[in-house]
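# Fold and contact review
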Amino acid sequence: MKSRDIAIVGILLAIGAILRYLMNVVPTAIVSNPIIALYCLAIILIRPNVRDTIGIGIVAGIISALISHSIFPPANFISEPLGALVCMALYAATRNHIPLAPTVATFAATLVSGFTFIGVSIVVIASGFISAPGEGFTVGAFIVAVSPVILLTAIANAVIAQVLYIPSSKILMRGAKGEDTQVRRKTMEDESNDLHTPAFRFSGFSYTYPQGTIPALTDVNLIIPRGECVLVNGTTGAGKTTFCLAAAGVLCHEYEGKTEGTLAIFGRDVQGYEDMGDIGRTVGVVFDDADAQLIFTTVEEEVLSGLENRGLKSEEVKTRLEEMLTFTNLTELRYREPHSLSGGQKQRVALAATLASGTDCIILDEATAELDTAATESIIAILTRLREAGKTIIVVEQKPRELAAIADRVITIEHGRITKDETAEAFFATYKDEEPASGKMVDTTSLSQTGEPRIVVDTLVHTYGTNPALRGVSLTIYPGELVAIIGENGSGKTTLVKHLNGLLRPTSGTITVCGMNAAEERVTRLAEKAGLVFQNPDTMLFEDTVEKEMQFGMRNIGVDSITAQERISEVLERVGLSGRLTQFPRAMSRGERQRLAIACVVAMKPDIIILDEPTTGLDPGEANRIMHILKALSEAGHTVIMVSHDMSIVARHAQRIIHMDTGTITSDKTRTNGGRV
Amino acid sequence: MAEILQYIRIDGMFHRMNALTKICFLMVVIVLAILSTSPPVLAGMILLVFLCAVAGRFGRDLLAQVPMLIFLSAGLLLLTVLTMQSGEVLGYLIPTAIPVIGGHIAITSGALNFAAILSMRFFVMLFAFQLMIISTQPRDLVTALQRLRLPVDYSLMLLIAIRFIPSLQLEGKRIQEAQRARAFNPGTGLKGRVKELTPIIIPLVSNALGKANVLGLTIDLRGLRTMERTPGLDRPFGMPDYVLAVLTVVLLGAGVAMILG
């Protein structure tokens, strides 16, 4: 089984456990077990062998038993492996013959699991180990009583598995395949003991993804000496991440697809490495999704995981743990849980865990994309020290300027080809930062406003438990304004905007939105006036076509289908997605998904459009495109409010900038030649 | 649910124990809870596990589960009363004083007893499981499970499932908020829950699967499947382990006596 398959099973079982726990509110001795649907989905997606199927069933049984209030929970240890085997066998037998194979396999697996559970329970009741449920207990009556529950559960699980199968299989198609079918052969001599060999040597290297026809990387010829810091530059979709995956050996060891040419990592042919674990002793990778790289439940444990599986001596592990925590400024966070950390802190932990392995090279794939200025600076400070320590560093970064001080060399990738390879000095000599918008920023309170305000917030206070998040915030926002709310993580920006559509209610203070009292009005009613686009567009996209995705919001507010169709065409045109009606939303690029998320909200025609970090993770071109859409919306009379940590975007586009710090507004300035003033 | 299935760092005796000791204790408690049909015995076991948690300085974390468990027990009690007629009639759900419909749905001693047994059994099992999870770092748990011959791949599955429960809960909450911000109102009750399924669970599963690639690569690059764990890092057996081992043996003896008696 591939490691990715282990991750898929673990994650799906976690979701199953959440659903199973919620099912405990159903007060019966035998309850529906959605974990079955999720492990069946896992089996259908990864198609494990018999041994691994039983393993999945055992793990599912452990989880089911431990959060169950059924009559005899240990029966899960038998029923779930059996259910898993039935699912595997039936899916293998039917998947090429009937389109509803996931439904059939899950339905049968649930029936087998359910009746096995009952069978085991009856055996232990009959043998006197546990008490019968009532004096009048008979085996026949028991089976008759629980059979409908099992049947209904089987139907529910079959529906869940089938509904989830389609988007899940499409999501997984974007990445690696489970089985490795490439013919591996070593093509180069091993020179890994020669310290003069370069860190990376690409020779005519090309790669085409399994689902692709055009190479994602074409004829890469590149030598990166040891100790060099290389910045990889290029637009979204240019092939930067694929380049990183190639350099880390992932394409050759984990992905299907067509590979041509050769690649040597620290003098050793990439095919000469046994597996990713072997490469992991030389090359560490930090990805943009920090959360997915944190497997353990405390920061210390996470960093230890990089150290203690390398066969080091106990004392060395302890010493290097302390060094690493100090090096990455994590000492104070060492006992915190990963899910409670900010994005910047998570990324530092992922970096520390990677560095803990002591690899000679580290690759960062947009590791600072979602971080604010302070968090980005802390990562760059760490990279500076690594460079001084002689590590080879490859960094993919959308904002090159931030790495000007540490990069030795910049390579530019366009359409999968390296089009420029120059020294950092030469690159930054011609690199131009975009100019901020012209105009003088003045205190908003010094300007005289006319007309009816859209939003009036008065001494708003919000506390999470005993922690104050907003401390008496007051502000007024008018139609047609393009407002940016800025501030470091934890300054209260998102808490503030969530009050504007009722997702949060004030601890004290008042909020008026389009004349409505937002402290009391229903969220669904407020959503008609104030639309919110979340930072990650994938938080809201769930339909299988762009058209259905856009219809969802409009249907919720009662827009008729003819009007909805007209709006869909109009809004898709406005965001540059015309002609994409039937496309699967999650197959679109990040920038396109972000534009679709905006389109979904705009189609509901709210007076106010709120966006949480709308340009995060986008290249400058895509970010500018989003900002032009927002500008056009504000010029059309919408009030546009964006939360952002990207100061260069804000400086170039926002008419009004509100700065927040520790739950208060520290400055509120408006550009005097902006649209409104 | 935010509190369940998570390690909490505390300097207490349970945290100093080897994971194997706690697993043995958990197994014995679970077996006894299943075998016992006596409410007083089960109540005693709840008290015992709770006292263990107090001794381990996380009694309050265990108590955080009580409201949910009481809610569950109340529902269980009601349903058992509605569906089970066994033993002595103690009264009626609809009091006899009410004209016409009064005197219906008998509350029987058998139903109360059975509901109490199921509820208390769940209390014992969840408390005992919490005792182990709160006090055991997942990597110690993985090592212990490997000692018990559970292959590393399956230990990692369990570890990932435990680790991602709170993250996915947060993600689920974010998705729920995002759909509510699109005026999605599935309504309350069971019908609402069913309607809520597609707009929430599809993005939840899709986003979670999107993490699988990176998670899988992280497992490989950190060498987690080779698990050449540094010797000497395992938590050594100490006095707290011996105390719990004695308690486990006593419980086991009591269980055997209960079966034979």
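Residues numbered from 1 in each chain as written. Chains lettered and ligands numbered in written order. Predicted model: local features only at pLDDT ≥ 70, side-chain atom pairs only at ≥ 80, totals over all residues. Heavy atoms only, no water.

## Quick word on the overall build of chain B
Put simply, the test is: A run of H or I in DSSP becomes a helix once it reaches four residues, and a run of E becomes a strand once it reaches two; helices and strands are each numbered from the N terminus. For the radius of gyration, the atom set is restricted to C-alpha positions; the globular benchmark scales as 2.2 Å times the number of residues to the power 0.38. Here's how the labels work: a residue is buried when its accessible area is under 20% of the maximum for its type, exposed when over 50%, partly exposed in between, all with a 1.4 Å probe on protein chains only. Residue-level accessible areas treat just the shown protein chains as cover; the underlying method is Shrake-Rupley with a 1.4 Å probe.
When helices and strands are counted, chain B shows 9 helices and 2 strands. Ordered by position from the N terminus, the helices and strands of chain B form the series α-α-α-α-β-β-α-α-α-α-α. The C-alpha atoms of chain B give a radius of gyration of 23 Å, which is well past the 18 Å a tight globule of 261 residues would have. Projected onto its principal axes, the C-alpha positions of chain B cover 75 × 60 × 30 Å. The buried share of chain B, taken over its 261 residues, is 57%. Accessible surface, chain B as shown: approximately 10900 Å² in total, 68% of it carbon and sulfur.

## Thoughts on the confidence of the model for chain B
Residues and elements named next belong to chain B. Going by this rule: Every residue carries a pLDDT, the predictor's confidence in it, which falls somewhere between 0 and 100.
Looking at chain B, pLDDT values average 82 and 90% of them are 70 or higher. The least confident element of chain B is helix α4 (residues 66-83), whose mean pLDDT is 74; the most confident is helix α2 (residues 39-55), at 91. ipTM for the predicted complex: 0.83, alongside a pTM of 0.82.

## A few points about the sheet that holds strand β3 (residues 229-233) of chain A
All names here are of chain A. Which entries qualify depends on this criterion: Whether two strands pair comes down to DSSP finding at least two bridges between them. Every axis in this analysis is a line fitted to C-alpha atoms, fitted for helices over the stretch in contact. Angles between the N-to-C directions lie between 0 and 180 degrees. Residue contacts are counted whenever heavy atoms from the two residues lie within 4.5 Å of one another.
Strand order in the open sheet formed by 6 strands is β6-β7-β8-β3-β9-β10, and the pairing between neighbours is mixed. In this open sheet, the two strands that pair with only one neighbour each are β6 (283-286) and β10 (417-423). Each adjacent strand pair in this sheet contributes to an overall mean axis angle of 15°, direction not counted. Where β3 lies against strand β8 (residues 392-396), 4 bridges are found, and the strand directions are parallel. Within β8, the residue paired with L231 across the bridge is V395. Together, β6 and β7 (361-365) form the strand contacts of helix α12 (residues 343-356), whose direction differs from that of β6 by roughly 170°.

## Let's talk about the pairing of strand β17 (residues 530-533) of chain A
Residues and elements named next belong to chain A. Burial of β17 is two-sided: the residues A530 and L532 facing one way and the residues G531 and V533 facing the other way are all buried. The sheet contact formed by β17 and strand β18 (residues 608-612) spans 4 bridges and is parallel. Bridge pairing in β18 links L532 to I610.

## Things to note about the packing of aromatic side chains
Convention followed: Any Phe, Tyr or Trp ring, taking Trp's six-membered ring, that has another such ring centre within 6.5 Å forms a pair; planes under 30 degrees apart are called stacked, those over 60 apart edge-to-face, and the others tilted.
Tallied over the entire structure, the rule returns 12 aromatic pairs over all chains. Connected via pairs of aromatic rings, a cluster forms that spans F202, F205 and F243 of chain A.

## Concerning the side chain of S155 of chain B
Assignment of secondary structure puts S155 of chain B in helix α7 (residues 152-180). Those residues within four positions of S155 of chain B in sequence are excluded, and the remaining contacts are V142, L145, Q146 and L150 of chain B.

## Describing the pairing of strand β14 (residues 482-486) of chain A
Residue and element names in this part refer to chain A. The element β14 is extensively covered by neighbouring structure, given that 5 of its 5 residues are classed as buried. Taking every second residue as pointing to the same face, both faces of β14 are buried, with L482, A484 and I486 on one and V483 and I485 on the other. Sheet analysis places β14 next to strand β19 (residues 639-644), joined by 5 bridges and oriented parallel. When the bridges of β19 are listed, A484 appears paired with M642. Here 4 bridges tie β14 to strand β20 (residues 656-661), and the two strands are oriented parallel to one another. Looking at β20, one finds that I485 is bridged to I658.

## A word on the nonpolar core
Filter applied, for reference: Among the buried residues, those of types Ala, Val, Leu, Ile, Met, Phe, Trp, Tyr and Cys that are joined through side-chain atoms within 4.5 Å form a nonpolar core. Reported domain spans reflect what an automatic or database domain assignment gives.
Core analysis: the biggest nonpolar cluster contains 127 residues, and L12, L13, Y39 and I63 of chain A together with L168 of chain B have the highest contact counts within it. For this core, the leading source of residues is helix α5 (residues 109-135) of chain B, giving 14 residues. The two domains that each donate at least three residues to this core are domain 1 (1-137 + 235-261) and domain 2 (151-229) of chain B. In this structure L12 of chain A touches L38, L41, A42 and L45 of chain A together with V205 and L209 of chain B, once residues within four positions along its chain are discounted.

## Here's the deal with unusual backbone geometry
Residue and element names in this part refer to chain A. The residue R47 is not glycine, and still its phi comes out positive at about 50°. The class for R47 is partly exposed, based on a relative accessible area of 48%. Here the phi dihedral of D219 falls at roughly 45°; this positive angle occurs in a residue that is not glycine. Within the fold, D219 resides in strand β2 (residues 217-224). Accessibility expressed as a relative area gives 43% for D219, which makes it partly exposed.

## Some remarks on the interface of chain A and chain B
Note the threshold: By buried area we mean the combined loss of accessible area, with a 1.4 Å probe, across both parts when two parts are placed together. A carboxyl oxygen of Asp or Glu within 4 Å of a side-chain nitrogen of Lys or Arg is what we treat as a salt bridge. The term polar contact refers here to a pair of N or O atoms within 3.5 Å; inside protein, the definition further demands a hydrogen-donor-capable atom paired with an acceptor-capable atom, and it admits residues adjacent in sequence only when both atoms are side-chain atoms. Residue polarity follows a fixed list, in which Ala, Val, Leu, Ile, Met, Phe, Trp, Tyr, Cys and Pro are nonpolar, Asp, Glu, Lys and Arg are charged, and the others, Gly among them, are polar.
Taken residue by residue, the interface counts 119 residues in chain A and 94 residues in chain B. Carbon and sulfur atoms make up 69% of the area that chain A and chain B hide from each other, which totals about 9800 Å². Counting every contact that joins chain A to chain B gives 6 salt bridges. Inspection of the region where chain A meets chain B yields 18 residue pairs in polar contact (both at pLDDT 80 or more). Residues of the side of chain A that touches chain B, tallied by class, amount to 72 nonpolar, 27 polar and 20 charged.

## Considerations on the side chain of E622 of chain A
Residue and element names in this part refer to chain A. Within the secondary structure, E622 sits in helix α20 (residues 620-635). Within the local environment of E622, its side chain forms a polar contact with the side chain of R595, the two groups lying 2.9 Å apart. Ignoring anything within four residues of it in the chain, the contact list for E622 reads G591 and R595.

## Digging into the sheet that holds strand β5 (residues 268-269) of chain A
Backbone-to-backbone hydrogen bonds pair the strands of a sheet. The strands run either parallel or antiparallel. Spatially, 4 strands are ordered β2-β1-β4-β5 (chain A) in an open sheet, and the strand pairing comes out antiparallel. The outermost strands of the open sheet, each flanked by one partner alone, are β2 and β5 of chain A.

## Side note on helix α4 (residues 76-94) of chain A
Here is the rule we go by: Given the number of residues in a helix, its expected span is that number minus one, multiplied by 1.5 Å.
Taking 1.5 Å per residue, 19 residues should reach 27 Å; α4 of chain A reaches 26 Å between its end C-alpha atoms and fits that length. Within the span of α4 of chain A, buried status applies to N76, S79, E80, P81, G83, A84, C87, M88, Y91 and T94 of chain A.

## Regarding the environment of P73 of chain A
Tracing the chain through its elements places P73 of chain A in the loop between α3 (50-66) and α4. Given the relative accessible area of 1%, P73 of chain A is considered buried.

## With respect to the pattern of salt bridges
Applying the stated criterion across every chain, the model contains 29 salt bridges over all chains. With a shortest N-O distance of 2.7 Å, R387 of chain A and D408 of chain A are connected by a salt bridge. Taken together, the residues span a long stretch of sequence, with R387 of chain A in helix α13 (residues 373-388) and D408 of chain A in the loop between β8 and β9 (409-414) at a distance of 21 residues. Taking the relative accessible area as the measure of exposure, R387 of chain A reaches 30% and is therefore partly exposed. Given the relative accessible area of 26%, D408 of chain A is considered partly exposed. Look at the salt bridges and you will find they share partners, linking D289, D291 and K346 of chain A together with R163 and K211 of chain B into a network.

## As for the domain arrangement of chain B
Annotation of chain B at the domain level lists domain 1 (1-137 + 235-261) and domain 2 (151-229). Measuring from the centre of the C-alpha atoms in domain 1 of chain B to the corresponding centre in domain 2 of chain B gives 29 Å.

## Observations concerning the environment of V396 of chain A
Residues and elements named next belong to chain A. For V396, the location among the structural elements is in strand β8. Assessed through its relative accessible area of 0%, V396 is described here as buried. Each C-alpha atom of the pair V396 and T241 lies 7.6 Å from the other, and the pair is 155 residues apart in sequence. The contact partners of V396, leaving out residues within four places of it in the chain, are V232, K240, C244, L364, D365 and E366.

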